[in-house]
Amino acid sequence: MDIDTRLLRYFAAVVEEGNLTRAAERLYVSQPALTKQIRRLEAQLGVGLFVRSRAGMTPTEAGQALAAHTGAVLTAWERALRVTRAATTRAARTLRVGFVASAANEHTQLIIGDFARRRPGWRVQMRQAEWTDPTAGLATGEADVALLRLPVPAQSDFNVEVLLIEPRWIALSAGHHLAAKEHIKFQDVYDEPFVATPAESGAWRDYWLATDEREGHPVRIGAVAHHPDEWLNAIAHGQCVSLTPEATARFYQRPDVVYRPVTGVSPSQIGVAWPRSQPVDDTVDAFVRSCRAVCNDGRLRDTSLTMDK
């Protein structure tokens, strides 16, 4: 019997969430579509997998038996895909580098240039990810190595080396009542609506909402953004404010958005990451060494971009 791995992913999400609505939000599908796919899996297997009630979705005995093995099946399949994709890119002499937003800021092109000198004939393919995946394709095997804003979900699954540290600032609409201030206290925006990344971004979402640095004040979410354009529009239209790296003020300038230093929150880290579960090949190692070489060069650093050494 052949079962679509997508159905197993849907099944696993419902088991973990215990609720169709939450699972659908996590998978970024509609609840009716998710219900249809779960019923499809049950029809293919010829068994009921859940007991449905107002309280949620409880796995049946058959559902519990399937859940015990689903994780291993999906992990093995993801590993097979990762190895296959990596072999394809090696044959094409292409290194796939995942990134979010501004990657390693102004250092990115210097890193690529250094890598080109270490690996003549190789090409770097930069792959920008939406904010639904803060690992920028590293978790799914769509990237060989990634330049990431830390922390990321399941960070223990990757080798991670911090390259740069920079302050977090606050982004506001130009018409916001705090926009005229040169510096803003984080406490002054506790009650403001914030732009959030999608729920499936997990701990990354919480970090950019600074949920652990609010002294118990709850977060107000005014909008959800999947990429920088959505994020900027939500701020510019006066719907929300948002924490952001200082570099955003250089890379995403708009007349209707202002960026201000903010006190009371920890700084942001940029790291280079690569899978922990497989041997590092020479090409990935060369890219990591390029990251170290460029970001360790004192001529490339200033007071807002310093190494965590």
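In this numbering scheme, every chain counts its residues from 1 along its sequence in written order. Reporting of local features is limited, given that this is a predicted model, to residues whose pLDDT is at least 70; pairs of side-chain atoms are given and counted only at 80 or more, and all residues count toward the totals for whole chains, interfaces and linings. As a rule here, side-chain values cover all heavy atoms of the structure and leave hydrogens and water aside.

Colleague: Tell me about the pairing of strand 12 (residues 257-263), and name the residues and values.
Modeller: With respect to burial, strand 12 is a largely interior element, 5 of its 7 residues being buried. One bridge is not enough; two strands pair if DSSP finds at least two bridges between them. Secondary structure elements are defined from DSSP: runs of H or I of at least 4 residues count as helices, runs of E of at least 2 residues count as strands, and each element is numbered from the N terminus. By the bridge criterion, 5 bridges tie strand 7 (residues 168-173) to strand 12 in an arrangement that is antiparallel. Pairing of L172 across the sheet is with V258, part of strand 12. Sheet analysis places strand 8 (residues 184-185) next to strand 12, joined by 2 bridges and oriented parallel. Bridge assignment links I184 to a residue of strand 12, and that residue is V262. Each residue is assigned to one of three classes by its accessible area relative to the maximum for its type, calculated with a 1.4 Å probe on protein chains only: buried under 20%, partly exposed between the two thresholds, exposed over 50%.

Colleague: Got a sec to walk through the layout of surface pockets? Specific residues and values, please.
Modeller: A cavity here means a set of 1 Å grid points, computed over protein atoms only, where a 1.4 Å probe fits but cannot escape. A pocket is an open set with protein on both sides within 12 Å along at least 5 of 7 lines, and lining residues have an atom within 4 Å of a point. Grid points are joined across faces, edges and corners, and a volume is the space filled by probe spheres set on the points. Of the voids in this model, the largest pocket is the one considered here, and its volume is about 1,300 Å³. Along its surface, the largest pocket is lined by 35 residues, and R9, R26, E78, A139 and T140 are the ones closest to its centre. Those elements giving two or more residues to the lining of the largest pocket turn out to be helix 1 (5-17), helix 2 (20-27) and helix 4 (61-91). No other element matches helix 4, which puts 11 residues into the lining of the largest pocket. Each residue is assigned to one of three groups, with Ala, Val, Leu, Ile, Met, Phe, Trp, Tyr, Cys and Pro labelled nonpolar, Asp, Glu, Lys and Arg labelled charged, and all others, Gly among them, labelled polar. Here the lining of the largest pocket is built from residues that sort into 16 nonpolar, 7 polar and 12 charged.

Colleague: Tell me about the nonpolar core, and please be specific about residues and values.
Modeller: Nonpolar cores are built from buried Ala, Val, Leu, Ile, Met, Phe, Trp, Tyr and Cys residues. Side-chain atoms within 4.5 Å join them into one set. Counting 46 residues, the largest nonpolar core has I170, F186, F194, W231 and L243 as the members making the most contacts within it. Of the residues forming this core, the biggest block, 5 residues, is contributed by helix 7 (residues 228-236). Core analysis: the next-biggest nonpolar cluster, separate from the first, contains 24 residues, W274, A286, V288 and V294 among them.

Colleague: Just give me the short version of the pairing of strand 2 (residues 56-59), but keep the residues and values in it.
Modeller: Bridge count for strand 1 (residues 50-53) against strand 2 is 4 bridges, and the pairing is antiparallel. Note on strand 2: the bridge partner recorded for S53 is G56. Remark: 2 residues form the turn of the hairpin made by strand 1 and strand 2, two consecutive strands paired antiparallel.

Colleague: Let's hear about the environment of Q125: which residues, and what values?
Modeller: Looking at where Q125 falls in the secondary structure, it is placed in strand 4 (residues 123-128). Assessed through its relative accessible area of 25%, Q125 is described here as partly exposed. Separated by 88 residues in the primary sequence, Q125 and E213 have C-alpha atoms spaced 37 Å apart. Within the structure, the side chain of Q125 is placed 2.9 Å from the side chain of R127, a separation counted as a polar contact. A 3.5 Å cut-off defines polar contacts: any pair of N or O atoms within that distance qualifies, except that in protein one atom must be a possible hydrogen donor and the other a possible acceptor, and neighbouring residues in sequence count only when both atoms are side-chain atoms.

Colleague: How would you summarise the sheet that holds strand 13 (residues 268-275) if you had to cite specific residues and measurements?
Modeller: Backbone-to-backbone hydrogen bonds join strands into a sheet, with any given pair of strands oriented parallel or antiparallel. Reading across from one edge, 4-3-5-13-6 is the order of the 5 strands in this open sheet, with mixed pairing throughout. Strands at the two margins of the open sheet, each flanked by one partner only, are strand 4 and strand 6 (158-166). Between one strand axis and the next, the sheet turns by 25 degrees as a mean value, whatever way the strands run. Note on definitions: a residue-residue contact is assigned when non-hydrogen atoms from the two residues lie within 4.5 Å. Here, axes are lines fitted to C-alpha atoms. For helices the fit covers the stretch in contact, and angles between N-to-C directions go from 0 to 180 degrees. Contacts between helix 5 (residues 107-118) and the sheet are confined to strand 3 (94-99), strand 4, strand 5 (145-150) and strand 6, with strand 4 contributing the most and set at about 150 degrees to the helix. Packing of helix 9 (residues 282-296) onto the sheet brings it into contact with strand 3, strand 5, strand 6 and strand 13, and relative to strand 6 it is tilted by some 20 degrees.

Colleague: Got a sec to walk through the pattern of salt bridges? Specific residues and values, please.
Modeller: The salt bridge definition used is simple: a Lys or Arg side-chain nitrogen within 4 Å of an Asp or Glu carboxyl oxygen. Applying the stated criterion across every chain yields a total of 12 salt bridges. One salt bridge in this structure joins E17 and R22, with 3.6 Å as the shortest N-O distance. By relative accessible area, R22 is classed as partly exposed at 41%. Its salt-bridge partner being R118, residue D114 comes within 2.5 Å of it at the nearest N-O pair. Of this pair, D114 and R118 both sit in helix 5, 4 residues apart, which is roughly one turn of the helix. Under the relative-accessibility criterion, D114 is labelled buried at 14%. On the accessibility criterion, R118 (29% relative accessible area) is partly exposed. By sharing partners, the salt bridges in this structure join D114, R117 and R118 into a single network.

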